[in-house]
Amino acid sequence: MADKSTSSEPITAVQPAEGAAAAPRKIYTIVKYGDPVLEKPAATVKKFDADLEQLVDDMFASMYAAQGVGLAAPQVGKSIRLTVIDVSNGKHPEAKIVLVNPEIIDAEGEVREEEGCLSIPGFRGYVIRPQFVTVKAQNVKGDPFEIRGENLLARAFCHEIDHLNGVLFLQHLSMLKRDLIKRKIKKLRKEGEW
Ligand SMILES: [Zn+2]
């Protein structure tokens, strides 16, 4: 979700940290706004295999490399209902959340907070999201579970599940703010900087 970087890295293999699994992680280039994969609904995940586990590990690595707190599969060019979230920025291993085929089943309250997106680097805007969100999902093995999030985590759930439905945070901004950002991106693209 929120980003601190303004550029995405080319695809490179990095060595895992000490004690991590032996396979080098693939760092994906994050797809930017304008790519149609970001604006179409993603497909339900039906196969829970080693490839899915590998993708989850690579998505976490890519998210940390980009200093994000959430990353949805369409943002790495894969139109499937999978997202990874870690609002601790990699500080707490237990904060790593994998949601496969997630669905919001309950939402309460409202919080207006600034939001950003790794696919729309350099732009932020205020978005109203629920304060508490309960999500029903499957883990990487296919087992169903429910998880409740508050504040930033609730926001991350909403933002990432939006991605799986082809919705970007821009769609929650006022038309004025949204058009302003779109115009600036258009200009950047013309200058070859997007
Ligand atoms: Zn995003």
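How each quantity is defined
- Residues numbered from 1 in each chain as written.
- Predicted model: local features only at pLDDT ≥ 70, side-chain atom pairs only at ≥ 80, totals over all residues.
- Heavy atoms only, no water.
- Donors = N, O, S within 2.8 Å, 3.2 Å for Na, K, Ca; no water.
- Helix = DSSP H or I, 4+ residues; strand = E, 2+ residues; numbered from the N terminus.
- Buried < 20%, exposed > 50% of the residue type's maximum accessible area, 1.4 Å probe, protein only.
- Phe/Tyr/Trp six-rings, centres within 6.5 Å; stacked < 30°, edge-to-face > 60°.
- Salt bridge = Lys/Arg side-chain N within 4 Å of Asp/Glu carboxyl O.
- pLDDT = per-residue confidence, 0-100.
- Contact = heavy atoms within 4.5 Å.
- Pairing = 2+ DSSP bridges.
- Axes fitted to C-alpha atoms, helices over the stretch in contact; angles between N-to-C directions.

For the zinc ion, the full set of protein donor atoms is Cys117 (SG), His159 (NE2) and His163 (NE2), and the range of their distances to it is 2.0 to 2.3 Å. The sequence motif formed by the donor residues of the zinc ion is C-x41-H-x3-H. Taken together, the residues cysteine 117 in the loop between β6 (111-116) and β7 (124-129) and histidine 159 in helix α2 (residues 152-164) connect sequence positions 42 residues apart. Each of the two residues, cysteine 117 as well as histidine 159, counts as buried.

A few words on the packing of aromatic side chains. Using the criterion set out here, one finds 2 aromatic pairs in the structure. With a centroid separation of 6.0 Å and 25 degrees between ring planes, the pair formed by phenylalanine 60 and tyrosine 64 is classed as stacked. Pair noted here: phenylalanine 60 and tyrosine 64 are both in helix α1 (residues 50-65), with a separation of 4 residues, about one helical turn. Looking at phenylalanine 60, the relative accessible area reads 4%, which means it is buried.

Tallied over the entire structure, the rule returns 10 salt bridges. Its salt-bridge partner being aspartate 57, residue arginine 25 comes within 3.9 Å of it at the nearest N-O pair. Of the two residues, arginine 25 is situated in strand β2 (residues 25-27) and aspartate 57 in helix α1; the sequence distance between them amounts to 32 residues. What makes arginine 25 buried here is its relative accessible area of 13%. Judged by relative accessible area, which is 34%, aspartate 57 ranks as partly exposed. For the salt bridge of aspartate 58 with arginine 25, the shortest nitrogen-to-oxygen distance reads 3.1 Å. Remark: arginine 25 occurs in strand β2 and aspartate 58 occurs in helix α1; sequence separation between them is 33 residues. Note on accessibility: aspartate 58 and arginine 25 belong to one class, buried. Residues joined in a network through salt bridges with shared partners are Glu115, Arg129, Arg155 and Asp162.

For the chain, the mean per-residue pLDDT works out to 91, and 88% of the residues sit at or above 70. In the model, residues 4-10 has pLDDT below 50 throughout and makes 12 contacts with residues more than four positions away in sequence or in other chains.

Moving on, we come to the environment of isoleucine 30. By secondary structure assignment, the location of isoleucine 30 is in the loop between β2 and α1. Taking the C-alpha atoms as reference points, isoleucine 30 and glycine 77, 47 residues apart in sequence, are found 7.9 Å from one another.

With antiparallel pairing, 5 strands are arranged side by side in an open sheet as β3-β4-β5-β8-β9. Two strands close off the open sheet at either side, each with one partner strand: β3 (70-72) and β9 (144-150). Each strand axis lies, on average, 40 degrees off the axis of its neighbour in the sheet, ignoring direction. Pairing analysis gives 6 bridges linking strand β5 (residues 97-108) to strand β8 (residues 132-138), with the strands arranged antiparallel. If you follow glutamate 108 over to β8, its bridge partner there is phenylalanine 132.

One non-glycine residue with positive phi stands out, namely asparagine 89, at about 60 degrees. Judged by its relative accessible area of 31%, asparagine 89 falls in the partly exposed class. One non-glycine residue, asparagine 101, adopts positive backbone phi at about 50 degrees. For asparagine 101, a relative accessible area of 14% puts it in the buried group.

Bringing the environment of threonine 134 into the picture now. As for its placement among the helices and strands, threonine 134 is situated in strand β8. Along the backbone, threonine 134 and cysteine 158 are 24 residues apart, and their C-alpha atoms lie at a distance of 10.0 Å. When neighbours within four sequence positions are excluded, threonine 134 is seen to be in contact with Glu103, Ile104, Ile105, Asp106, Glu146, Ile147 and Arg148.

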